[in-house]
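Structural features, examined
Below are the chains, spelled out letter by letter.
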Amino acid sequence: MNAKERVLTAFAHQEPDRVPVNYLANSGIDQRLKEHFGLASDDSEGLRQCLGVDFRHVWPPYVGPKLHEDIPERGIKVDRWGIHRRWVEHGSGGYWDFCDFPLRDADEETVANWPMPDPDLFDYSVIPAQCKEHKGYAMCFMVHGDLINENGMLRGMDQALMDLVVDDPAGLLLASRRLAIELEMIRRVLEAGNGSIDILWIGEDLGTQDRPMVSPEIFEKHILPRKEKLVNLAKAYEAKVMIHCCGSSSWAFEDFIRIGIDAADTLQPEAKDMAPAYLKKTYGGRLAFHGSISTAGPVSFGTVAEVDEYCRNTLQIMMPGGGYCFAPTHELQDNSPTENVL
């Protein structure tokens, strides 16, 4: 099988020639892996080939004006949505963390006038060439399409959650504006892909480590209808849908299956009701799985032998009957020894 056939076979709950592999990593470990293989620092494709990765991504570059200015005197980077990020160092590397939350106290009028990227200002003409370049791989288009996280990046997580409890008009308008833009981007990307894009990869973090982040009523009222719009659009172009969902999130999986989501990503095994055996027994054959290799377990803190045993045990549970893609629960973290990742 080629990579595309391998992934789609797994998504169809049949056993491929081998389990599909995916790779996601923070910048620190990514650079160490490239050094290990003697690759240039920007040779991400070469690294994916070395690791036997079956997935590739398409993305239309933004070609419009800069909508929000950076704040260099504070080291703040501001993206096209107006999200503020600052670099935070830690013991084994660093990451860009969200800060400032410029729409925390915004009213409806402020949100309505907040500059956001126009779907017209992305270059979709590059999508066919990207698909052609990676022909034979499972092609993904990743758009979060979420309500909580990206609203939280602009309003703060506490306010983003409170918005859903009290139906705050400003918070709900922010989510609706973002979703409308992303839906139009997805439509144009899938149209440009002309059947070559296999997976729409969306997201919504719904769990803490041991319980849901929101009530069933809020999930049904605010979150699930938005997800259904994304799923219906993908299905209109015969694309599969995979959802990134951190924490204890299996409580939502029956609803995911009902609205047509094909696969769940992340699958943190330490969280409640997220162990591979539980997921396979409860949802196997109805929902494909992508993840389950913990970035907070042996890969970060164990020996090579412990990592090997851990991964083999996960495969023994998840492989039978297909429906599994071998991948980390999130991006591999910088504190992961290179030999453990390999």
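Keep in mind the model is a prediction, meaning the values are calculated, not measured. (Residues numbered from 1 in each chain as written. Predicted model: local features only at pLDDT ≥ 70, side-chain atom pairs only at ≥ 80, totals over all residues. Heavy atoms only, no water.)

Section: the sheet that holds strand β2 (residues 76-78)
Pairing within the open sheet is antiparallel, and its 3 strands lie in the order β2-β3-β4. The open sheet terminates on both sides in strands that have one partner only, identified here as β2 and β4 (93-99). Ignoring which end each strand starts from, the neighbouring axes of this sheet average 35° apart. Sheet topology note: the strand β3 (residues 84-90)/β4 ladder contains 7 bridges and is antiparallel. (Pairing = 2+ DSSP bridges. Helix = DSSP H or I, 4+ residues; strand = E, 2+ residues; numbered from the N terminus. Axes fitted to C-alpha atoms, helices over the stretch in contact; angles between N-to-C directions.)

A few points about the pattern of salt bridges
With the rule as written, the count across this model stands at 24 salt bridges. Between E204 and K227 there is a salt bridge; the shortest N-O distance is 2.8 Å. Of this pair, E204 sits in the loop between β6 (199-203) and α9 (216-236) while K227 sits in helix α9, placing them 23 residues apart in sequence. Comparing E204 with K227, the two get one shared label, buried. (Salt bridge = Lys/Arg side-chain N within 4 Å of Asp/Glu carboxyl O. Buried < 20%, exposed > 50% of the residue type's maximum accessible area, 1.4 Å probe, protein only.)

Points about the packing of helix α6 (residues 148-155) against helix α8 (residues 169-193)
Here α6 crosses α8 at 120°, and the two axes come no closer than 10 Å. Looking at the two axes, α6 sits oblique to α8. Between α6 and α8 lies a crossing of right-handed hand. Residues E150, N151, L154 and R155 of α6 lie in contact with α8, whose contacting residues are A170, G171, L174, A175, R178 and E182. Its residues assigned to classes, the contact of α6 with α8 shows 4 nonpolar, 2 polar and 4 charged. (Parallel < 35°, antiparallel > 145°, perpendicular 65-115°, else oblique. Left-handed = near helix turned anticlockwise from the far one by under 90°. Contact = heavy atoms within 4.5 Å. Nonpolar A, V, L, I, M, F, W, Y, C, P; charged D, E, K, R; others polar.)

Looking at the nonpolar core
Of all hydrophobic cores here, the largest spans 80 residues; its most connected members are L206, F253 and F256. Sort the elements by how many residues they give to this core and α8 lands first, with 11 residues. Apart from the residues within four sequence positions on either side, F256 is in contact with L206, F219, I243, C245 and I261. Core analysis: the second largest hydrophobic core is formed by 12 residues, A138, W201, A263 and A288 among them. (Core = buried A, V, L, I, M, F, W, Y, C linked by side-chain atoms within 4.5 Å.)

Considerations on a nonpolar patch on the surface
A grouping of W87, Y95 and W96 is seen on the molecular surface, where their side chains present a nonpolar patch of about 310 Å² in accessible area. In this fold, W96 is placed in strand β4. Looking at W96, the relative accessible area reads 38%, which means it is partly exposed. (Patch = residues over 30% accessible without salt bridge, like charges linked within 9 Å, V, L, I, M, F, W, Y side chains within 5 Å. Areas by Shrake-Rupley, 256 points an atom, 1.4 Å probe, with all protein chains shown as cover.)

Description of the layout of surface pockets
What the second largest pocket holds in volume is close to 520 Å³. If you trace the second largest pocket, you find 22 residues lining it, with C311, F326, N340, V341 and L342 closest to the centre. Residue assignment for the lining of the second largest pocket shows that the elements contributing at least two residues are α13 (304-318), β10 (324-328) and α14 (338-341). Of all the elements, α13 adds the most residues to the lining of the second largest pocket, at 6 residues. Here the lining of the second largest pocket is built from residues that sort into 15 nonpolar, 4 polar and 3 charged. (1 Å grid on protein atoms, 1.4 Å probe; cavity = no way out; pocket = protein on both sides within 12 Å on 5 of 7 lines; lining within 4 Å. Points joined across faces, edges and corners; volume = space filled by probe spheres on them.)

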